[in-house]
Protein chains: 4
Amino acid sequence: MTIQTAVLIETLTALGAEVRWCSCNIFSTQDHAAAAIARDSAAVFAWKGETLQEYWWCTERALDWGPTGGPDLIVDDGGDATLLIHEGVKAEEVYEKTGQLPDPASTDNAEFQIVLTIIRDGLKADPKKYRRMKERLVGVSEETTTGVKRLYQMQANGTLLFPAINVNDSVTKSKFDNLYGCRHSLPDGLMRATDVMIAGKVAVVCGYGDVGKGCAAALKQAGARVIVTEIDPICALQALMEGLQVLTLEDIVSEADIFVTTTGNKDIIMVDHMRKMKNNAIVCNIGHFDNEIDMLGLETYPGVKRITIKPQTDRWVFPETKTGIIVLAEGRLMNLGCATGHPSFVMSCSFTNQVIAQLELWKEKASGKYEKKVYVLPKHLDEKVAALHLGKLGAKLTKLTKDQADYISVPVEGPYKPPHYRY
Amino acid sequence: MTIQTAVLIETLTALGAEVRWCSCNIFSTQDHAAAAIARDSAAVFAWKGETLQEYWWCTERALDWGPTGGPDLIVDDGGDATLLIHEGVKAEEVYEKTGQLPDPASTDNAEFQIVLTIIRDGLKADPKKYRRMKERLVGVSEETTTGVKRLYQMQANGTLLFPAINVNDSVTKSKFDNLYGCRHSLPDGLMRATDVMIAGKVAVVCGYGDVGKGCAAALKQAGARVIVTEIDPICALQALMEGLQVLTLEDIVSEADIFVTTTGNKDIIMVDHMRKMKNNAIVCNIGHFDNEIDMLGLETYPGVKRITIKPQTDRWVFPETKTGIIVLAEGRLMNLGCATGHPSFVMSCSFTNQVIAQLELWKEKASGKYEKKVYVLPKHLDEKVAALHLGKLGAKLTKLTKDQADYISVPVEGPYKPPHYRY
Amino acid sequence: MTIQTAVLIETLTALGAEVRWCSCNIFSTQDHAAAAIARDSAAVFAWKGETLQEYWWCTERALDWGPTGGPDLIVDDGGDATLLIHEGVKAEEVYEKTGQLPDPASTDNAEFQIVLTIIRDGLKADPKKYRRMKERLVGVSEETTTGVKRLYQMQANGTLLFPAINVNDSVTKSKFDNLYGCRHSLPDGLMRATDVMIAGKVAVVCGYGDVGKGCAAALKQAGARVIVTEIDPICALQALMEGLQVLTLEDIVSEADIFVTTTGNKDIIMVDHMRKMKNNAIVCNIGHFDNEIDMLGLETYPGVKRITIKPQTDRWVFPETKTGIIVLAEGRLMNLGCATGHPSFVMSCSFTNQVIAQLELWKEKASGKYEKKVYVLPKHLDEKVAALHLGKLGAKLTKLTKDQADYISVPVEGPYKPPHYRY
Amino acid sequence: MTIQTAVLIETLTALGAEVRWCSCNIFSTQDHAAAAIARDSAAVFAWKGETLQEYWWCTERALDWGPTGGPDLIVDDGGDATLLIHEGVKAEEVYEKTGQLPDPASTDNAEFQIVLTIIRDGLKADPKKYRRMKERLVGVSEETTTGVKRLYQMQANGTLLFPAINVNDSVTKSKFDNLYGCRHSLPDGLMRATDVMIAGKVAVVCGYGDVGKGCAAALKQAGARVIVTEIDPICALQALMEGLQVLTLEDIVSEADIFVTTTGNKDIIMVDHMRKMKNNAIVCNIGHFDNEIDMLGLETYPGVKRITIKPQTDRWVFPETKTGIIVLAEGRLMNLGCATGHPSFVMSCSFTNQVIAQLELWKEKASGKYEKKVYVLPKHLDEKVAALHLGKLGAKLTKLTKDQADYISVPVEGPYKPPHYRY
């Protein structure tokens, strides 16, 4: 719930939608943006610094339009709204069949316990809520790598309950927001949180996907010596071609000054790594969930002391060594927690994709074009998103002649590339 | 026919193949490499500075194993060998039905006239040669963007005569050879041909695909001010995000010092552009065919004078202005014509794909796995190519735990990315 | 009065000094740093957001140790404390001779009117205050290009009242703080003030000295297209060698998105320039005084409207066009006004020079080594400052053998370079 | 004796000089340039691939205008012509006093033995030759860091025989030729000599002065991981600020792929280092003399085998390990030996300084302005050199107003910077 999402909400409202909104991250709400939207445009359930309980309460509130209301469409980011509905439906079905309520104790994932609790607590009062939603829902458009991965898993399992458009894999999203957005917001977050001089430092970037590429580029350009960790040999070779060293975290853990996780995976920096770091090493995550960093291991480490330097900037001191590390945004997305997220221009690319996806889902709601599967936007719409952003930057496109277009077998007006083209 | 292809030939020979070889470019043969291979490993039909007639004669010779011989497999680069066989088969079929020989005068494409002539001249003597080849051929593996485009067209038209593996679109080819190879070999070619100081110059890169990205990066890093021309709004927006100006060629033609075409299309820099350029502007092509630059228009411009400064470096002087431009490699690939092409490390990535593709085609020759279609290598082989190249550069990969692999739904040993991933 | 100066104060205190402190910029005080120092270490006269009157009141207060007190030494930044003493002495001498008080109306420089007013108001009460200071003062060490320029002018005029050490021209200051400090803090200030995406934008850097070089590098690396304005042909040629376009402000004023002044001169961006800028163009100064930008012209432009978006970020709307520009920090140093100034590591280089200069002045206070002139620190001290900072970054120096040292005619232990060496 | 010096000779000739010319490096002559000049403009004693004996014979020949001739002025590069005259004068004086001839056996420096031999062999025939030269000589202008160092040593010893202008320390020389020239010609030399892919490799740059900065920038931009060795803590800190690792050669000798010496000192890479390098590690020098690399140690290493891959590219194989290293240009300047030296644009900056220095020496030959000391060109001439090169690159300078010039205390027309300014 940032100023960029505020403009997205205003756009959707201008297009005729009625909107309810929550955040996708407990730290990422910009309260002034939330306040402005709450006053003028939409119901907002979001503030900076939610607890996890509050976060899921907000998600549930944003989805609740009352027994006869929406939502018709979901704009999702990370997939939590989609998850809640899917888990809600599952619980309702079990409850209907067996009378059994979801049991938070059935999982040791603290966050999932909250999800189950919320569903359980609402189940008796309205045992068909999530199924009503599912019936009504025309579809969801999903923003992130992580959320999309969940959708593809549900598609593979046959459990996806409504059509989904994968906005993340629009070129104008993944190759812009993820890459150029993070290239901007990683140093922004580091500087706002710590004022550390990046030049001269040794920085480890865990993961060299689009996010990692943006982070590594930003750190290198700012004068850091950057070391990459990777599991994928292709991405590793890309890092090497850019002059970056590729090592394992173990090789470098006691020498580096800054650690950034970008993997979308879990258990990347464990408390045993953190214990070996230099005093005042900075540890942060710009991947997706806070489990990229072993926050649980850190919080429960015997004798560890947390000193909050300022909100979202904590120094954790280990008892044996008295050395401390600086953890940003409690292991959550540091660009949202410590800075203002991605800048508007690149978010405009992403959100133009979102709006186009929402329009497409709505337009085709009765046509049967979209089944309960995951789709990407067709390339001509992807190119349209880019074209809409060129004028602002003063660019002039060259136009193909008919003859040239025929020569390379594309229409004069595009799309210009085959589907597998990588950009 | 460079030292890198020499090692490819030696590899194929070591794997048991009998090899005949020709070049894919009239200027790109390194004669010492050709001589060494001709002495030790294979029949070679290639030398630096062929005429077009000689070039196609070489292609025909390389394919001719005599009435009872091969080829069983083709390693192609640009698709000329594949083209010759397809045109040969077409001509044989017409001849068998109608007795009519191919007529070179039926086309005004000078090079295609030569192709038809070669086919015509051999047709009476052996009217089944190309059909015998077609029958025997297990498949082709194709190296370049341009060659692959032709294959997909043939697949779409239903005219493809044998299975084809698209090596170009292996990530370890297109995102390495095209990008990092050109980042190396463009400045190499410029420096060897002209010794021009790149710093401070205004350079225009026509096209911002993988090749254009590599060229623009190299020129920018060497201190040039780089301007990009593009038809594709997505690629244009990528250029802008890297701080490059995007204009049309007309906007900048009279101000720039260096012009590089990278499009894979034709008619990019026309003689009317060249007339307006600054004195001693450098014009070169690293895309694919020499028709990116209007060489025909230049050669036939009334009163134009060609002064050969050294082989592959010509100054063309226009009669009205007495100003001249420097054209490299007669409009053909300047990195091959003026320098030594891409360096071995990146070619090793490409050619490892080629070898794997050849092995795969041969292994599956009887299994029916490959129909008369175009295939890309499966991702685990692509990742294998990368993995084979990490050790040389001292990289250490991180290994996924089973738990992490499950979390992101990939096998521990890969492949690690979905097919649509763009790297 | 930032956290870095706080550590400088603590260092001076630890070395035995008694310290009084004020800021050099009305916006640059970090109030938490001021509070901590005021509590523990020194008298502090500084807060974020002073008026000009308050600023000079603070300066006067910081210098006032009472009739029998200091200062013995001045650590100056911009030369305002030094200026006040020199102007004070001048006024006292005139008053003693003629009875005439300084007349603020004698200048139309608004800030200098305040200086004269402050001196005038204190003159009757204590007509020898500044002369007592002058007598007692062992010397000043000056931090900035601007302040140093004033000192050399006073030396040339024969009006310098006490010895001065030019800390700015230590290599470990001017080539680090000015260059790498601004490379860090310019984008930091831009991002904190405006959240603008730098990638893709056209940025004009006025001046390509050390500060301009740092700014241009930062903007280029962040993906902007950077255009430099310069008066000095050597600096202009350096910009060109880095691929930057060199134009006049007039050439580009209506096309650029971001304007940064770094000149140390005045009247760089005038209100007539600002009127021609694009809507929401960002205008800021990281040079020295706020007169790099014609703030007076802007403030007095008929019908102009100032909209404060947040502190230090104002939108000024012109009545004719209704377009507005964003001015940062009211034209003052944007990295101090909108962000937190330079990061600690590079300030440590600068302040180590300051401390060494203060120690040197004090040690030689009776020796006559320093006359009423401007000195730079000897090179071995400059090298010592660098050497003290290598360990933190994990660097290992190579040691000269005696034989090698003789070969290049330097001592084994340095200094290693002739005085004119430029680094 | 390159095409750039050819244009310098033509310029001097056009200005009225009569010129005799030799090379400053046994490998750097471009024979076509030498031939053209020999035909049209000057006596040339230079060819590519001289022996050391031939080199000094050429130097002696170039200086010999016969008993009644010149030279009046010397354009020197490395100081060898100046050295020969000084040694010649010294020997003549000893001989006149004592009858003793110089004894080549008195030194174990092989090259200096040749110098003494040449002087000895000519001494009886003409025992006043060098003293006549000394008397006539108006002065020398010297191009290189190394040559200038010798001059300052002679000035310090009081042995300098004629005025000298230090062209190397013109900003438009040292900060352009040394920095941007090497940034261009280092990768050029590497690519022409070895075709090695720079991306992904580990490169060690010994020395981080202007030459080292240019080399490190080029290698980093081409995708290498660059490690710097330095003795000077200031230069080391600069390297760190650019993200480069600073280690000793011993730390990295067995891991790196490419080694470049840029120090101007001797004994940088010793045979014991070379023995520990990886197979096919590349070793080259772009500093000054070939003694940066221990060529003598390599050549005399027991059992070492030299395999000449092509001229100036030798593989030296150690007997114990059978591994070999690639040494470029026999340890001499690799950009001149393996490529074509610096490009014309940057050499034009250097040589414009040379011409201006020659004109200045000649104009003032009778005025006594220049004593037997070393001088740098005044800053306004340095700025003029830069200004003359801006137009070619399309730059537009901003002009100071009188008011602005007064404000920063410089003349409107320059010079704009104080002498100590570092650029």
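Treat the numbers as computed from the prediction; the structure is a model and nothing was measured.

(A) Looking closely at the relation of the copies chain C and chain D. The operation relating chain C to chain D is a screw motion whose rotation component is 180°, with 0.0 Å of axial translation and a residual RMSD of 0.1 Å. Such a combination of rotation and displacement between the chain copies is what one expects of a two-fold axis. In terms of C-alpha distance to the rotation axis, chain C has R422(C) as its closest residue, with the C-alpha 2.2 Å off the axis. By residue overlap, the copies meet face to face through one surface: 100% of the interface positions of chain C are interface positions in chain D.

(B) The UniProt feature "binding site: substrate" (unreviewed entry) in chain A, seen in detail. All names here are of chain A. UniProt annotation of "binding site: substrate" (unreviewed entry) refers to T2, D77, E143, K173 and D177 when read in the numbering used here. Here D77 shows up in the loop between β3 (73-76) and α4 (80-98). Judged by its relative accessible area of 27%, D77 is partly exposed. Leave out the neighbours within four places in its chain, and D77 touches C24, E142, E143 and T144. By the secondary structure assignment, D177 is in helix α8 (residues 171-194). Note on D177: relative accessible area 5%, which makes it buried. For D177, the contacting residues outside a window of four places in its chain are E143, C182, H342, V346, M347 and S350.

(C) Fine view of the interface of chain A and chain B. Counting from both sides, the interface comprises 66 residues of chain A and, opposite them, 66 residues of chain B. Between chain A and chain B, a total of about 6,200 Å² is buried, with carbon and sulfur atoms accounting for 59% of that surface. Looking only at chain A, the three residues that lose the most surface to chain B are I231(A), I234(A) and R422(A), adding up to 13% of its buried area. Where chain A meets chain B, there are 8 salt bridges. Across the pair K266(B) and D403(A) runs a salt bridge whose closest N-O atoms are separated by 3.1 Å. Connecting chain A to chain B are 34 residue pairs in polar contact (both at pLDDT 80 or more). Elements with a minimum of two residues in the side of chain A that touches chain B: α7 (145-157), α8, α9 (210-221), α10 (233-241), α15 (344-363), α16 (379-390) and α17 (402-407) of chain A.

(D) Highlighting the interface of chain C and chain D. Every contact between the two is made by 66 residues of chain C and, on the other side, 66 residues of chain D. Of the roughly 6,300 Å² buried between chain C and chain D, counting both surfaces, carbon and sulfur atoms make up 59%. Area buried by chain C at its contact with chain D is led by I231(C), I234(C) and R422(C), which between them contribute 13% of it. Taken together, the connections running from chain C to chain D amount to 8 salt bridges. A salt bridge links D251(D) to K396(C); its shortest N-O distance comes to 2.8 Å.

(E) Spatial organisation of the sheet that holds strand β12 (residues 313-317) of chain C. All names here are of chain C. If you walk across this open sheet you meet the 8 strands as β8-β7-β6-β9-β10-β13-β12-β11, and the pairing is mixed. This sheet does not close on itself; its edge strands, each paired only once, are β8 (245-246) and β11 (305-310). Of the strand pairs in this sheet, strand β7 (residues 225-229) and β8 are connected by 2 bridges, and their pairing is parallel. From the neighbouring strand, I227 faces β8, where its bridge partner is Q245. Here helix α9 (residues 210-221) sits on the sheet and contacts β6 (202-206), β7 and β9 (258-261); the angle it forms with β6, its principal contact strand, is near 170°.

(F) Fine view of the pattern of salt bridges. Counted according to the given criterion, the structure contains 116 salt bridges over all chains. Where R120(D) meets D121(D), a salt bridge forms, and the shortest distance between an N and an O atom there is 3.1 Å. For R120(D), a relative accessible area of 31% gives the class partly exposed. Residues joined in a network through salt bridges with shared partners are E60(A), R61(A), D64(A) and K129(A).

(G) Main features of helix α3 (residues 52-63) of chain D. Residue and element names in this part refer to chain D. The end-to-end C-alpha distance of α3, which contains 12 residues, comes to 17 Å, matching closely the 16 Å that a straight helix rising 1.5 Å per residue would cover. For α3, the complete set of buried residues consists of Y55, W56, C58, T59, E60, A62 and L63. On the buried face of α3, the contacting elements are β1 (20-22), β2 (43-45), β3 (73-76), α4 (80-98), α5 (110-123) and α6 (129-136).

(H) Representation of the sheet that holds β3(A) within the structure. Residue and element names in this part refer to chain A. With respect to topology, 4 strands assemble into an open sheet ordered β3-β4-β5-β14, the strand pairing being parallel. With one partner strand each, in any of the chains shown, β3 and β14 (374-375) form the two edges of the open sheet. Pairing of β3 with strand β4 (residues 139-142) involves 4 bridges; the strand directions are parallel. Bridged to L73 within β4 is G139.

Calculation notes
- Along each chain, numbering runs from 1 in the same order as the chain's sequence is written.
- Ligands are numbered from 1 and chains lettered from A, in the order in which they are written.
- Residue-level local features of this predicted model are given only where pLDDT is at least 70; pairs of side-chain atoms are given and counted only at 80 or more, and the full residue set underlies all totals for whole chains, interfaces and linings.
- Working from all heavy atoms in the structure, the side-chain values ignore hydrogens and water.
- The superposition of copies rests on a least-squares fit of C-alpha positions from residues with pLDDT of 70 or more in both.
- Residue contacts are defined here by distance: any two heavy atoms, one from each residue, within 4.5 Å place the two residues in contact.
- UniProt positions are given in the numbering used here, feature names are shortened, and annotations may be inferred rather than shown by experiment.
- Starting at the N terminus, helices and strands are each numbered in turn, a helix being any DSSP run of H or I of at least four residues and a strand any DSSP run of E of at least two.
- Burial classes: relative accessible area under 20% of the type maximum marks a residue as buried, over 50% as exposed, and values in between as partly exposed (1.4 Å probe, protein chains only).
- By buried area we mean the combined loss of accessible area, with a 1.4 Å probe, across both parts when two parts are placed together.
- By convention in these notes, a salt bridge is any Lys or Arg side-chain nitrogen within 4 Å of a carboxyl oxygen on Asp or Glu.
- In the analysis that follows, any N or O atom pair within 3.5 Å is treated as a polar contact, provided that within protein one partner can donate a hydrogen and the other can accept it, and provided that, for residues neighboring in sequence, both atoms belong to side chains.
- In short, DSSP must find at least two bridges between two strands for them to pair.
- Between N-to-C directions, angles cover 0 to 180 degrees, with each direction set by a line fitted to C-alpha atoms, over the stretch in contact for helices.
- Given a helix with a known number of residues, its expected span is that number minus one, times 1.5 Å.

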